[in-house]
Amino acid sequence: MKLINVTIKNFFGLILSLNILFLLCGDLHSQDLDSNVDFSDAIDAEEKRSKWGTEEHKQSLIDEMSSANVSLFIDEHLSEITEPSRIFYKFEKFSTLEDNFVGNVVLNIVKIDEEKKKYITFRYLKGRNKVRFPPQIGAKGNPVFMLFFERDARDMQRLTGGNALFFRSRIRHAIAATETKDISLNFKGENISAQEITFKPFTKTKLKNRVNRYKTKEFRITMSNKIPGYIYKIETFTKDTQKANDIVRETLTFQGIKTNKELREIYKKRKDSGDKS
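Residues numbered from 1 in each chain as written. Predicted model: local features only at pLDDT ≥ 70, side-chain atom pairs only at ≥ 80, totals over all residues. Heavy atoms only, no water.

Draft legend 1. Highlighting the environment of Glu80. Within the secondary structure, Glu80 is located in the loop between helix H5 (67-74) and strand E2 (85-95). In the structure, Glu80 is positioned 147 residues away from Ile227 in sequence and 9.9 Å away in space, judged by C-alpha atoms. (Helix = DSSP H or I, 4+ residues; strand = E, 2+ residues; numbered from the N terminus.)

Listed below in structure tokens is the structure:
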């Protein structure tokens, strides 16, 4: 507990303006997934993760954090990854009112320096669904859940005309008030211990006009320290209580991890065999 308190205090010392951070996040260009990425404008990953935590009642959070906050913002999800690697996720969207699609999300740990700091870039979907995120340095937690929430907040803004800052704030506050639930997860034919975080950010919030469609929107995060990067699945489910035909489900699911060395060997074998896939 002392370690958690010290870590949180360090986080609060780093907290700047959330608005400035997210504006920068929206303006910066994405980087390629190779070792030539320019990290001169990269953001501090742990500072960013701390800023997703609730700003209000900071002292009370130091004394008593929710287990969901600890699981997402304190636990070191990437500690077992000790060499440059890529973590692969599948993103799926089902909607009754918009186009459905399936895409890929890649978290690329480009390098790990002598201080064990990780340099990370992202590929978040492609084409018209692509979302650009700046690289990060020094991440200890898995940033992918924050990218999912950020895209989700932007999408809610796009669809409703509401403010993304409002949606982000409600998500952060909901996490701060949520406890984890221990569950058993079947992963690759084996039952492993896992944790589930479920919350509805907008249930007790007064919403107007089109924003009201998210009144019962549910978020669910499934995590396990048996899975590289801890994040197994993130899900959202929306069903407009006033329009039965308005349903949206989005999921991000862990697919696997490969070291960059393994990927180079796979590429070399394909090249040698003439496989251009």
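Draft legend 2. The arrangement of a positive patch on the surface in detail. A cluster of basic residues, Arg123, Lys126, Lys130 and Arg132, forms a positive patch on the protein surface. Locating Arg123 in the fold gives a position in strand E4 (residues 118-124). Since its relative accessible area comes to 37%, Arg123 is described here as partly exposed. (Patch = residues over 30% accessible without salt bridge, like charges linked within 9 Å, V, L, I, M, F, W, Y side chains within 5 Å. Areas by Shrake-Rupley, 256 points an atom, 1.4 Å probe, with all protein chains shown as cover. Salt bridge = Lys/Arg side-chain N within 4 Å of Asp/Glu carboxyl O. Lys, Arg positive; Asp, Glu negative; His and termini not counted. Charge placed at Lys NZ, Arg CZ, Asp CG, Glu CD. Buried < 20%, exposed > 50% of the residue type's maximum accessible area, 1.4 Å probe, protein only.)

Draft legend 3. Main features of the environment of Leu185. When you line up the elements, Leu185 lands in strand E6 (residues 181-187). Sequence-distant contacts of Leu185, that is, excluding residues within four places in its chain, are made with Glu190, Asn191, Ile192, Ala194, Thr222, Ile227 and Tyr232. (Contact = heavy atoms within 4.5 Å.)

Draft legend 4. Molecular detail of the pairing of strand E3 (residues 101-112). As paired elements, E2 and E3 share 9 bridges and run antiparallel to each other. Among the inter-strand pairings, Lys93 is bridged to a residue of E3, identified as Phe101. The hairpin formed by E2 and E3 contains 5 residues between the paired strands. Of the pairings in the sheet, the one linking E3 to E4 comprises 7 bridges and is antiparallel in character. When the bridges of E4 are listed, Val105 appears paired with Tyr124. The antiparallel pairing of E3 with E4 creates a hairpin that spans 5 residues between the two strands, and Lys116 there sits at a positive phi of about 65 degrees. (Pairing = 2+ DSSP bridges.)

Draft legend 5. View of the pairing of strand E7 (residues 190-199). Summarising the sheet, E6 and E7 pair through 7 bridges and their orientation is antiparallel. By the bridge assignment, Asp182 is partnered in E7 with Gln195. Here E6 folds back onto E7 in antiparallel fashion, the turn holding 2 residues, of which Lys188 has a positive phi close to 55 degrees. Inspection of the sheet shows E7 paired to strand E8 (residues 218-223) by 5 bridges, in the antiparallel sense. Directly across from Glu196, in E8, lies its bridge partner Thr222.

Draft legend 6. Highlighting the nonpolar core. Within the largest apolar cluster, 52 residues are counted, with the highest numbers of intra-cluster contacts made by Tyr124, Phe149, Phe199 and Ile221. Among the elements that line this core, the one with the most residues is helix H6 (residues 144-160), at 8 residues. (Core = buried A, V, L, I, M, F, W, Y, C linked by side-chain atoms within 4.5 Å.)

Draft legend 7. Seen up close, the sheet that holds E2. Spatial strand order, E1-E5-E4-E3-E2-E10-E9-E8-E7-E6: 10 strands in an open sheet with mixed pairing. Across the chains shown, the open sheet's two edge strands, defined by having one partner strand only, are strand E1 (43-44) and E6.

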